[in-house]
Amino acid sequence: MEREPEVTAPPAAVEPVAFELSPTDPLMHYLQQAGGPVEIDKLKLDSPGLEQMRKADVALVVPLVSQGELIGVLSLGPRLSEQQYSADDRKLLENLASTAAPALRVAQLVREEEANIQARERYQQELRIAHLIQQNFLPREQPDIAGWTLSAFYRSAREVGGDFYDFIELDNGRIGVVIGDVTDKGVPAALMMASTRSVLRSVAARFDSPGTVLEHANELLCPDMPPKMFVTCLYAILEPHSGKLVYANAGHNVPYRRRIDCVDELKARGMPLGLLPGSKYEEKDVMISPGEIVLFSSDGIAEAHSTDGEMFGCPRIIDVVTHHASSADLRNEVLDSLHAFTGAEWDQEDDITMVVLDRLPYDASDFAASGEERLATFEIASETGNERAAMQRVVEVVEGLGIDPTRLDKLKTAVAEATMNAIEHGNHNDPDLPVTIEVTKRPRELRVAITDHGGGAQIPDETAPDIDAKLRGEQTPRGWGLFLIKNMVDDMIVTSDEVHHTVTLVFSLGGES
Amino acid sequence: MPNALTLDVRQPGSSTAVLDVQGDITADSEKPLMEAYAEAGSAKAIVLNFSGLEYMNSGGIGLLVTLLVRANRAKQKLLAFGLTEHYRQIFELTRIDEAIEIFGSEDEALQAASK
């Protein structure tokens, strides 16, 4: 909006005057409708814009209208000749306005488009940076472990989310498995993901307990976490040799384990990282048997929507895991199911991440690789006295392994005691609940895994039996079971999930074999 | 297969009773064990003959501790013989051998009992 001087007598200098016209100013509406030059003096409107124009000594305003839209005005001061604007002047100005308006509109559009292109380029550039950060911090390859297939899948949404996963090599061949999701998207999420990953890597190297690792990571992340941002994260330590998986969860999606006859949810309580200093993380463990598979995933799968607006949801994931064929790749099965649900036109809403731990089933070719051999699996009914049958069965199974009689007696006592505990404490003498006993042999050790249905409950710490205290009547005369087991075998591994509780007796076979 | 516990009670001397264990000692053995103990009466020393022991579990060990508590209260001495190497080790691990003196033969046990 410039003050247009008369063409015939240009003054030495004219100060351009800028007006602020609010879109709600009644003057705007008036000018849009006017259809030609408007004399300011004759207007009676309650309009701040009009006030400004009067103060700036504007005499005539010519609206510039393009396609019915007011895109500007020509505002003219009084004629320098001090005459009124004539009908010819007005005609001329009206013609000028009708020619200038479309040209001005084109110029405006070009400028807007340039701004859009710049914004888009900046956005694209940000996305490229976010992708780059993401790609740089995701593992390039999966650990190669005998008897296992560890695999991962990551596909970012168009607008990169904050998903991440990691495999951390720990001592004694153990593997730390991480899957997480930073709330928020783009560069801020990618940066926080990179920082969380580094924090987890450094803490994981110092602590053996997933709960403690998350606790420390939370303390380190809390002070620097931007407002409204946090990180959900699951951290698990896999002992490939035994199949033991210890895990803790900071508010991330629940992993699923496929067993022979069911799918378990591996639940553990904990707040997302970066929200609350002092958060504690529940720690659980579970034994992954040969042929079992564990799926970790991000919410990009469960919260994907179909064209009807329906959510994919956890039950569909469980369904895929339930019907997973061991020869197939679970990742592809999940993706196929997801794509069938969302349709081909789906614009992926969030990052999709999966980590799969697949313990290979036993078969002849695996014996050589893992050196492990299943000697027997059997069940006994939960009735007092049946531990003798279990003991006898194990003796028959291990016959021929050359275990000397003294050592065999120890194994027998350990098996009997662990089975008794399973019958009484795990299954509460319910004859309908079986105790499952699995005997496996490795090159230098024998393992007897005794599983009952006492999962889910916390196992109380048994006080060490003390004969003096018992004789003084300060302890019950009983309570020798666990003490005996621990003294009979080389190692005892206790694991449990929501349903089952397993005591694995590790019995060294000694010597070369 | 569980072998129910039976105990024969012998009195080789006026103040000594020998309990001959036959079968399994488990949590289910309370009745026969305590009945045999009662039969031994006021003997100053009670000698447990484990030669016929087939199987003993933690429940059985708990019962032996109960027996020990009662014998201690009655100022009776508890001795044992005939344990296999395995159960002897368990007695050592549990430190029950500090309360029940263990011997290699009946003669040695009886000799110690009469002291």
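You'll find the structure just up there.
Keep in mind the model is a prediction, meaning the values are calculated, not measured.

J.: How do you make sense of the sheet that holds strand β3 (residues 69–76) of chain A when you look at a structure like this?
T.: Hydrogen bonds between backbone groups are what pair the strands of a sheet, and the pairing can be parallel or antiparallel. Residues and elements named next belong to chain A. One open sheet accounts for three strands, arranged β1-β2-β3; its pairing is antiparallel. The sheet is open, and its two edges are formed by β1 (38–39) and β3, each paired on a single side. As paired strands, β1 and strand β2 (residues 60–66) are joined by two bridges and run antiparallel to one another. Of the residues in β2, the one forming a bridge with Val38 is Val61. Across the face of the sheet, helix α1 (residues 26–34) comes into contact with β1, β2 and β3 while running at roughly 75° to β2. Across the sheet, helix α3 (residues 87–137) lies against β2 and β3, angled at about 50° from β2, the strand it touches most.

J.: Looking at this model, I keep getting lost on the packing of helix α7 (residues 313–322) of chain A against helix α8 (residues 330–342) of chain A. Mind explaining?
T.: Helix packing for two helices is described by the angle between their axes and how far apart those axes are. Residues and elements named next belong to chain A. Look at α7 against α8: their axes get within 9 Å of each other, and the N-to-C directions meet at 135°. Relative to α8, the element α7 lies oblique. In this structure, the crossing between α7 and α8 has a hand that is right-handed. Together, Arg316, Ile317 and Val320 of α7 and Glu333, Val334, Ser337 and Phe341 of α8 make up the contact between the two elements. Along the lines of polarity and charge, the residues of the contact of α7 with α8 split into four nonpolar, one polar and two charged.

J.: Hey, could you run me through the environment of Gly41 of chain B in this one?
T.: If you trace the backbone, Gly41 of chain B turns up in the loop between α1 (30–40) and β3 (45–56). Counting along the chain gives 24 residues from Gly41 of chain B to Ala17 of chain B, while the straight-line C-alpha distance between them is 8.5 Å.

J.: What am I meant to see in the sheet that holds strand β1 (residues 6–13) of chain B here?
T.: All names here are of chain B. Here we have five strands laid out as an open sheet, ordered β1-β2-β3-β4-β5, and mixed in their pairing. Single-partner strands in this sheet number two, and they are β1 and β5 (101–103). Adjacent strand axes in the sheet meet at a mean angle of 25° when their direction is disregarded. The pairing of β1 with strand β2 (residues 16–25) spans six bridges and is antiparallel. Its bridge partner being in β2, Leu7 is matched across the sheet by Val21. Seen against the sheet, helix α2 (residues 58–73) touches β2, β3 and β4 (77–81) and runs at an angle of roughly 175° to β3.

J.: Can you help me understand α7 of chain A in this one?
T.: An α-helix turns once every 3.6 residues. As a result, residues three or four positions apart point the same way. All names here are of chain A. Looking only at α7, the buried set comprises Ile317, Val320 and Val321. Each buried residue of α7 sits inside an arc of 100° when the element is viewed along its axis, so together they form one side. Of the exposed residues in α7, the ones pointing more than 90 degrees away from its buried face are Pro315 and Thr322.

J.: How should I be thinking about the pairing of β2 of chain A in this particular structure?
T.: Looking down a regular strand, the side chains alternate between one sheet face and the other. Residue and element names in this part refer to chain A. With six of seven residues buried, β2 is to be regarded as a mostly interior element. Taken together, the seven bridges between β2 and β3 define a ladder with antiparallel strand orientation. Within β3, the position partnered with Ser66 by the bridge is Glu69. From the end of β2 to the start of β3, which pair antiparallel, there are two residues, and Gln67 there has a positive phi angle of about 50°.

J.: Please explain the interface of chain A and chain B as it appears in this structure.
T.: By a widely used convention, the size of an interface equals the accessible area lost when the partners come together. Between chain A and chain B, the contact holds 17 residues from the first and 22 residues from the second. When residues in the side of chain A that touches chain B are grouped by element, the largest group, five residues, is from helix α11 (residues 405–426) of chain A. A class-by-class count of the residues in the side of chain A that touches chain B yields seven nonpolar, five polar and five charged.

J.: Explain the environment of Thr6 of chain B here, please?
T.: Residues and elements named next belong to chain B. Residue position: Thr6 is located in strand β1. Given 13 C-beta atoms within 10 Å, Thr6 falls into the partly exposed group. Measuring from C-alpha to C-alpha, the distance between Thr6 and Asp24 comes to 8.6 Å, with 18 residues separating the pair along the chain. Discounting residues that sit within four places of it in the chain, Thr6 has contacts with Gln22, Gly23 and Pro32.

J.: When you look at the nonpolar core in this model, what are you seeing that I'm missing?
T.: Nonpolar side chains tend toward joint burial in soluble globular proteins. Ranked by size, the top nonpolar core spans 65 residues in total, and within it Val415 and Val448 of chain A together with Leu19, Ile46 and Val47 of chain B carry the most contacts. Per element, the largest residue contribution to this core is eight residues, and it comes from α11 of chain A. Every residue in contact with Val448 of chain A, bar those within four places of it in the chain, is listed here: Val394, Val415, Ile437, Val439 and Leu505 of chain A.

J.: Honestly, unusual backbone geometry in this entry has me stumped. Any pointers?
T.: When glycine is set aside, most residues are seen to have a negative phi, and most peptide bonds are trans. Non-glycine residue Gln67 of chain A carries a positive phi angle of around 50°. Take Gln67 of chain A: it is sitting in the loop between β2 and β3. Phi at Lys75 of chain B takes a positive value of approximately 55°, unusual for a residue other than glycine. Mapped onto the fold, Lys75 of chain B is located in the loop between α2 and β4. Of the residues examined, Lys75 of chain B has 8 C-beta atoms within 10 Å and is grouped as exposed.

About the criteria used
Residue numbering note: each chain is counted from 1, following its sequence as written. A letter from A marks each chain and a number from 1 marks each ligand, given out in the order of writing. In keeping with the predicted nature of the model, local features appear solely for residues at pLDDT of at least 70, side-chain atom pairs appear and are counted solely at 80 or more, and the whole-chain, interface and lining totals rest on all residues. Between any two strands, pairing holds if DSSP finds at least two bridges. Per the convention used, a helix needs a DSSP run of H or I reaching at least four residues, while a strand needs a run of E reaching at least two, with both numbered from the N terminus. Two residues form a contact once the distance between their C-beta atoms, set from the backbone, is within 7 Å. Helix axes are fitted only over the stretch in contact, all axes being lines through C-alpha atoms; the angle between N-to-C directions runs from 0 to 180 degrees. Roughly parallel means an angle under 35 degrees; roughly antiparallel, over 145; roughly perpendicular, 65 to 115; everything else is oblique. Definitions for this section: a left-handed crossing has its near helix turned counterclockwise from the far helix by less than a right angle. A right-handed crossing has that turn clockwise. Residue classes follow a fixed rule: Ala, Val, Leu, Ile, Met, Phe, Trp, Tyr, Cys and Pro count as nonpolar, while Asp, Glu, Lys and Arg count as charged, and any other residue, Gly among them, counts as polar. Three exposure classes are used. Buried residues have 20 or more other C-beta atoms within 10 Å of their own C-beta, exposed residues have 12 or fewer, and partly exposed residues fall in between, all C-beta atoms being placed from the backbone. Working note: the arc is built from the helix axis to C-beta atom directions. Definition of nonpolar core: a set of buried Ala, Val, Leu, Ile, Met, Phe, Trp, Tyr and Cys residues joined via C-beta atoms within 7 Å.

Purely geometric stuff here, so don't read any function into it on its own.
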